[in-house]
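Now for the letters of each chain:
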Amino acid sequence: MNQPQAKHSGSPAPVAKTQSAPTTSNKAAVEVDVAYIDGVAYPINKGETMLAFLKRHMGPNPVPTLCDAPNLEPFGSCRVCSVEVALQQDGPSKVMASCHTPVAKGQYITVNSPRMERLRKNIVELVLTNYPVDKLKTEDHGANELYNVVQQIGFDLDSVRYPKGAHPLDAAGTDRAFAKDTSHPYMVSDLESCINCYRCVRACDEVQGEMVLTMAGRGFDSWIAKGTGESFFDSDCVSCGACAQACPTSAITDVFRAKETKAEEVVRTVCTYCGVGCNLEVKVKDGKVAGITAPYDAEANQGHTCLKGRYAFRFYDHPERLRTPLIKRNGEFVPATWDEAYDFIVDGFMKIREKHGPDALGGVSSARCPNEENYLLQKFFRAQVGTNNIDSCARVCHSPTALGMQKTFGTGAATNSIDDLRDTHTIMVIGANPTDAHPVTGAKIKQQVMKGKTLIVIDPRRTELARYANYHLQLKPGTNVALLNMFMYYIVSEGLVKQDFIDTRTEGYADFKKELLAVDIAAMERETGVDRNLVREAAMAYAKSPAAMSFHGLGVTEHYQGTFTVMQIADIAMMTGNIGRRGVGVNPLRGQNNVQGAADMGCQPHQGAGYYAVDNPEYAQLYNEFYGTEIPSVIGKKIPQMYDAMLAGTLKAFWVVGEDMGQTDPNTLHVRKALGELELFVVQELFMTETAKLAHVVLPGASFLEKSGTFTNGERRIQRVNAAVEPIEGTKSDGQITCDIMERYAAKTGRKSGNEKTDYHPDWVLREISRIVPFFAGVKWDELGENGKQWPVKPDGTDTKILHTDTFKRGLGHFYFNAWEKSPEVRANEKDYPYIITTNRELEHYNCGAMTRRTGNEVILTEDVLLINPFDAQQNGIADGDMVCVESPRGKVDIKAKVTDEVKPGILSSTFHFPEIMLNVITSSVSDSLAMCPEYKVVTCRIRKARKTHLRKEGEVVAKA
């Protein structure tokens, strides 16, 4: 054990056995616990392993490792990380695996003694006995951790002494277990390179929680099995790629070989799909995206991501990308130059404004675009055109969240961080299916539940999380308010409210309580279809929990009473004191990647950037002074109101960025008819979507991989989006397009843009944003770092993890009671249309599917299907796989049946990812009574077995006869 006492390169200075902490008078010195590395003392952290201790003081690779990975629990299977440990410098030592052994005070750790060198070589030799050594000599060594370990310990690959074991063959003479598996559009396995480290199995279990992979067989015949021995494609694999990123030898990899690829540049950016805000490391080679991995140090996703973020990127240079501006002449699109397109648009805007006034123009910004691009578009309409007719995708997903939480708390954003799941005791998921729609957050929730935390799920469908739930309240769509009133009734009647919190932090409780206790529980039980005793048990579990955290999604907001439901969720948190600390709060799961940011930037008709009410004289003056021009003080039109104005002939020009409303907005025939009335319709897109087909001018924008800016995820985290590659030829970033139009409009009208520069860059736009949006005050492009900052960000750059810690934004939290009311859709149609269909999203696709349908995801999920209960299928003579005609008062669609008990009798469910179905032909124009968010979740219909068995052509729509 006698080793040279050398200071390790890059390590902090060693310390003595004791070290005095800062003291005041009469306070004794505090001893710092230390352990020794090769005889030199270093401070230890409570609970850390020896390997973590060694890494802190010696650098990232102090000892070789094979089974260890940054996002996996210590395992200790390979033992190659072993070190010698003694309790005194010259005392007897033991060999211990450093990866899972806690470091302790006074230990003497020897890293590279002759004994350890012999042991590691022996271990590696045994591993190589069952590994194709010749392959190891020739493959790309940079990503093969086994090769790196061989080099680190100095092992000679030609000196393996033991014979390689033979694998048993099946009756056909095939080594099926070790045969290369290329069945999947993304996942690939070649188990000849497997070293049985279990990292892939643990990643599937510990990170994704899918439990698809396992170790089968024994000894030399051990192998990684998918499911019960199927291929990747036939197994239950969700294609998250966690196993491929974890594998040290590429025994499991992906078709892009993302981990192994030697990139010319690696660019860190943020995913464009859901609101989780996963960080991605994009590998660029020859100017193209070669592969994507997930950084382990990302606070949003910790080295994990779903198949969309990791693999569904090939849309960015797909042959169907728009590559030139298009102008429709005589009913046909004709390629145009950018100057021609800009002049056509600006001249049209000017003509319409001059003849009909500024409110004859309107726009819809994109929740898929960065904050800066959203800000510029709303600025164009308000400061240059002179109208508040600007809205965004937030209208059709989470506008009730913003409004409901603003009314109750004062701020319409998540109160806590996803990381708080580690500290919560009870999780309530309402109207959300995060394992499909927000997969990384869904996986985190599932992991916590599998570790014993209580889960309450309120959802009409038996979602994946519902299968893990302690309480699944499977209510009838449209009865959220009824069920949550029952839920709150039992919290109050059982005496489980936190009265101190209510008395000191809130207002309106007395009136609220009086109305709540008058609720007819029997009637609510009947309307929801949920046993009152189950509701009572769930309510008591939530209220008694030391820390309860709620999540809600579009199954809350996309309802006639969506805003009221959000207010109820806030009421529940307040009455139980689950606000303002770790592990609690109200946390909306944002549908698109930048729904939060689009609203923050003012892409809504009633509030400008920073959520200032445009019709408030004080705030109107603030905007006038900031922009140096008069900003309109009349609330503009929301998206549904814009459609009505188009049909009425009062809205003449419309500019839409990245929104396929012709496929995704409800009541498709109504929407398409409205858009057809426009004199000038401009669409900015990546592809010729259903909406773009209806436009007069189509502008080719850039994807998230080709532009820079910031996204704000569902936990208020503002993160940098960095362009990985240049925009494909003929396209421009959406920010540059907006800047160009602003400058051309200024030149022709004299209404200046007020922009700092004519060339778009997020740096200068963010500077402007920070001067008008108060919670962005300290946000600077070059100071956001790798993990961004959670707003509000103070001028000194300090961000905020938890909202409402001492007081609510509005001062006191406000209780609102809202009685349940049946949706107008059901009231008007339930007699003739007895079924209810509710919409949802599948893991593999995203909204209209414009991006994912142009990737390998379409091979995995090829079509929209109709979920139908076995009872309903039998009653209507429908078998699994049959085509079903689903008819509503608006129209009808034919869709393939999937018979399942995931939905109750009387309830149907489907998606609208594929234009061949055009499901929104049957959805209604009913919207939230306050926020005007469409009611996608309650659609009355009737069903029958379809007379035809083929699908309509893409984009074809069928009205009700």
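Residues numbered from 1 in each chain as written. Predicted model: local features only at pLDDT ≥ 70, side-chain atom pairs only at ≥ 80, totals over all residues. Heavy atoms only, no water.

A. Looking closely at the overall build of the protein. The helix and strand inventory of the protein stands at 30 helices and 35 strands. By the compact-globule yardstick of 30 Å for 961 residues, the protein fits well, its C-alpha radius of gyration being 30 Å. For the protein, the spread of C-alpha atoms along the principal axes amounts to about 90 × 80 × 65 Å. Looking at the 961 residues of the protein, the share that counts as buried comes to 63%. A separation of at least 24 residues holds for 73% of the contacts in the protein among residues at least 6 apart in sequence. As displayed, the protein offers around 35,500 Å² of accessible surface, 49% of which is attributable to carbon and sulfur atoms. (Helix = DSSP H or I, 4+ residues; strand = E, 2+ residues; numbered from the N terminus. Rg over C-alpha atoms; globule rule 2.2 N^0.38 Å. Buried < 20%, exposed > 50% of the residue type's maximum accessible area, 1.4 Å probe, protein only. Contact = heavy atoms within 4.5 Å. Areas by Shrake-Rupley, 256 points an atom, 1.4 Å probe, with all protein chains shown as cover.)

B. Representation of the packing of aromatic side chains. The full count for this structure, using the stated rule, is 31 aromatic pairs. Where Phe-256 meets Phe-313, the ring centres are 4.6 Å apart and the plane angle is 45 degrees; that geometry is what we call tilted. Taken as a pair, Phe-256 in the loop between strand E9 (252–254) and strand E10 (265–270) and Phe-313 in the loop between helix H7 (307–311) and strand E13 (326–329) lie far apart in primary sequence, 57 residues in all. Residue classification places Phe-256 among the buried positions, given a relative accessible area of 10%. (Phe/Tyr/Trp six-rings, centres within 6.5 Å; stacked < 30°, edge-to-face > 60°.)

C. Quick peek at the packing of helix H14 (residues 480–493) against helix H18 (residues 532–544). With their axes 8 Å apart at the nearest point, H14 and H18 run at an angle of 60 degrees to one another. When the interaxial angle is binned, H14 and H18 end up oblique. The handedness of the crossing between H14 and H18 comes out as right-handed. For the pair H14 and H18, the contacting residues are Leu-483, Met-486, Phe-487, Tyr-490 and Ile-491 in the first and Arg-532, Val-535, Arg-536, Ala-538, Ala-539, Tyr-542 and Ala-543 in the second. Within the contact of H14 with H18, the residues separate by chemical class into 10 nonpolar, no polar and 2 charged. (Axes fitted to C-alpha atoms, helices over the stretch in contact; angles between N-to-C directions. Parallel < 35°, antiparallel > 145°, perpendicular 65-115°, else oblique. Left-handed = near helix turned anticlockwise from the far one by under 90°. Nonpolar A, V, L, I, M, F, W, Y, C, P; charged D, E, K, R; others polar.)

D. Expanded view of the side chain of Thr-411. The residue Thr-411 is located in the loop between helix H10 (399–408) and strand E17 (426–430) in this model. We classify Thr-411 as buried; its relative accessible area is 12%. In contact with Thr-411, not counting residues within four places along its chain, are Met-405, Gln-406, Trp-791, Leu-803, His-804 and Lys-809.

E. Spotlight on a nonpolar patch on the surface. Side chains of Met-211, Met-450 and Tyr-468 sit close together on the surface and give an oily, nonpolar patch of about 260 Å² of accessible area. Relative to the assigned elements, Tyr-468 resides in helix H13 (residues 464–468). Assessed through its relative accessible area of 33%, Tyr-468 is described here as partly exposed. (Patch = residues over 30% accessible without salt bridge, like charges linked within 9 Å, V, L, I, M, F, W, Y side chains within 5 Å. Salt bridge = Lys/Arg side-chain N within 4 Å of Asp/Glu carboxyl O.)

F. Local environment of the sheet that holds strand E4 (residues 93–97). On the basis of which strands lie adjacent, the open sheet formed by 5 strands has the order E2-E1-E5-E3-E4 and mixed pairing. Because the sheet does not close on itself, it has two edges, and the strands there are strand E2 (40–43) and E4. Sheet twist, expressed as the average angle between the axes of neighbouring strands with direction ignored, equals 35 degrees. Pairing analysis gives 5 bridges linking strand E3 (residues 82–86) to E4, with the strands arranged antiparallel. Paired with Ala-86 across the two strands is Ser-93, which belongs to E4. In the packing of helix H2 (residues 114–129) onto the sheet, the strands contacted are E3, E4 and strand E5 (108–110), and the crossing angle to E3 comes to about 150 degrees. (Pairing = 2+ DSSP bridges.)

G. The pairing of strand E30 (residues 835–839), seen in detail. For E30, the tally of buried residues reaches 5 of 5 residues, placing the bulk of the element in the interior. Along E30, one buried face is formed by Tyr-835, Ile-837 and Thr-839 and the opposite face, lined by Ile-836 and Thr-838, is buried too. Two strands pair when backbone bridges link them, and E30 and strand E35 (residues 939–945) are joined in this way by 3 bridges, in the antiparallel orientation. In the strand pairing of E35, Ile-836 is matched with Thr-940. Examined bridge by bridge, E30 and strand E34 (residues 907–910) share 4 bridges and lie parallel to one another. In the strand pairing of E34, Thr-838 is matched with Ser-909.

H. Summary view of the pattern of salt bridges. With the rule as written, the count across this model stands at 53 salt bridges. In this structure, Glu-690 engages Arg-672 in a salt bridge whose closest nitrogen and oxygen atoms are separated by 3.8 Å. Remark: Arg-672 occurs in helix H25 (residues 668–675) and Glu-690 occurs in the loop between strand E24 (680–685) and strand E25 (697–700); sequence separation between them is 18 residues. When salt bridges with common partners are traced through the structure, they connect Asp-339, Asp-343, Asp-347, Arg-744 and Lys-748 into a single cluster.

I. Helix H1 (residues 50–58), seen in detail. Three or more residues of H1 are buried, namely Met-50, Leu-51, Phe-53, Leu-54, His-57 and Met-58. Across the axial projection of H1, the buried residues extend over an arc of 160 degrees, all falling on one side. Elements in contact with the buried residues of H1: strand E1 (34–37), E2, E3, E4 and E5. Immediately beyond the C-terminal end of H1, within one or two residues, lies Gly-59, with a positive phi of roughly 110 degrees. (Arc of directions from axis to C-beta.)

J. The side chain of Thr-576, seen in detail. Looking at the element boundaries, Thr-576 is found in the loop between helix H20 (562–575) and strand E22 (585–588). A distance of 2.8 Å separates the side chain of Thr-576 from the backbone oxygen of Ile-572, its partner in a polar contact. Once residues within four sequence positions are removed from consideration, Thr-576 is found in contact with Ile-491, Lys-498, Tyr-542 and Ala-543. (Polar contact = N/O pair within 3.5 Å; in protein donor to acceptor, adjacent residues only side chain to side chain.)

K. How the structure looks around H20. Spanning 14 residues, H20 covers 20 Å between terminal C-alpha atoms, matching the ideal 20 Å at 1.5 Å per step. Directly beyond the C-terminal end of H20, a positive phi value near 70 degrees is found at Gly-577. (Expected span 1.5 Å × (residues − 1).)

L. Quick peek at the packing of H14 against helix H16 (residues 509–516). Here H14 crosses H16 at 110 degrees, and the two axes come no closer than 10 Å. What the angle tells us is that H14 and H16 run roughly perpendicular. Residues Asn-485, Met-488, Tyr-489 and Val-492 of H14 form the contact with H16, whose participating residues are Tyr-509, Phe-512, Lys-513 and Leu-516. For the contact of H14 with H16, the residue count by class is 6 nonpolar, 1 polar and 1 charged.

M. Focus on the nonpolar core. Met-187, Leu-213, Ile-224, Ile-252, Val-289 and Phe-315 are the most contacted members of the largest nonpolar core, which has 59 residues in total. Those elements that provide at least two residues to this core are helix H5 (199–208), strand E7 (213–216), helix H6 (242–246), E10, strand E11 (279–285), strand E12 (288–293) and H7. The dominant element in this core, judged by the number of residues it contributes, is H5, at 5 residues. Residues within four places of Met-187 in sequence aside, it is in contact with Asp-181, Phe-232, Cys-237, Ser-239, Gly-241, Cys-243, Ala-244, Ile-252, Thr-253 and Tyr-311. Counting 56 residues, the second largest nonpolar core, distinct from the first, contains Ile-327, Leu-377, Tyr-623 and Ile-769. (Core = buried A, V, L, I, M, F, W, Y, C linked by side-chain atoms within 4.5 Å.)

N. Inspection of the environment of Met-350 at higher detail. Of note, Met-350 is situated in helix H8 (residues 338–356). For Met-350, a relative accessible area of 23% puts it in the partly exposed group. Discounting residues that sit within four places of it in the chain, Met-350 has contacts with Tyr-745, Lys-748 and Thr-749.

O. Structural context of the sheet that holds strand E31 (residues 865–868). Taken together, the 6 strands give a closed barrel; going around it, the order is E30-E34-E31-E33-E32-E35, and neighbouring strands pair in mixed fashion. Each strand axis lies, on average, 45 degrees off the axis of its neighbour in the sheet, ignoring direction.

P. Broad picture of the state of the cysteines. Evaluated as defined, the whole model comprises 0 disulfides. In this structure Cys-274 is not part of a disulfide, and its nearest cysteine sulfur, from Cys-278, lies 6.1 Å away. By relative accessible area, Cys-274 is classed as buried at 10%. Of all cysteine sulfurs, the one in Cys-885 lies closest to Cys-941, which takes part in no disulfide; the gap is 10.0 Å. (Disulfide = S-S within 2.5 Å.)

Q. Here's a closer look at the environment of Phe-512. Following the sequence through the fold, Phe-512 ends up in helix H16. Along the backbone, Phe-512 and Asp-286 are 226 residues apart, and their C-alpha atoms lie at a distance of 63 Å. Beyond its immediate chain neighbours, meaning those up to four positions away, Phe-512 contacts Met-488, Asp-571, Met-575, Phe-815, Tyr-816 and Phe-817.

R. A look at unusual backbone geometry. The omega torsion of the bond from Trp-791 to Pro-792 falls at 0 degrees, within 30 degrees of zero and hence cis. As for its position among the elements, Pro-792 is in the loop between strand E28 (789–790) and strand E29 (813–814). Its identity as a non-glycine residue notwithstanding, Ser-239 has a phi of 65 degrees, on the positive side. Within the secondary structure, Ser-239 is located in the loop between strand E8 (223–226) and H6. Of note in the backbone geometry, Met-918 takes a positive phi value of approximately 55 degrees without being a glycine. Tracing the sequence through the fold places Met-918 in the loop between E34 and E35.

S. Local environment of the pairing of E25. Residue alternation in E25 divides its side chains into two sets, Val-697 and Leu-699 and Val-698 and Pro-700, and both sets are buried. Across 2 bridges, the pairing between E13 and E25 is antiparallel. Bridging across to E25, Ile-327 finds its partner in Val-697. Relative to E25, E24 is paired through 4 bridges, and the arrangement is parallel. The partner of Glu-685 across the bridge, within E25, is Pro-700.

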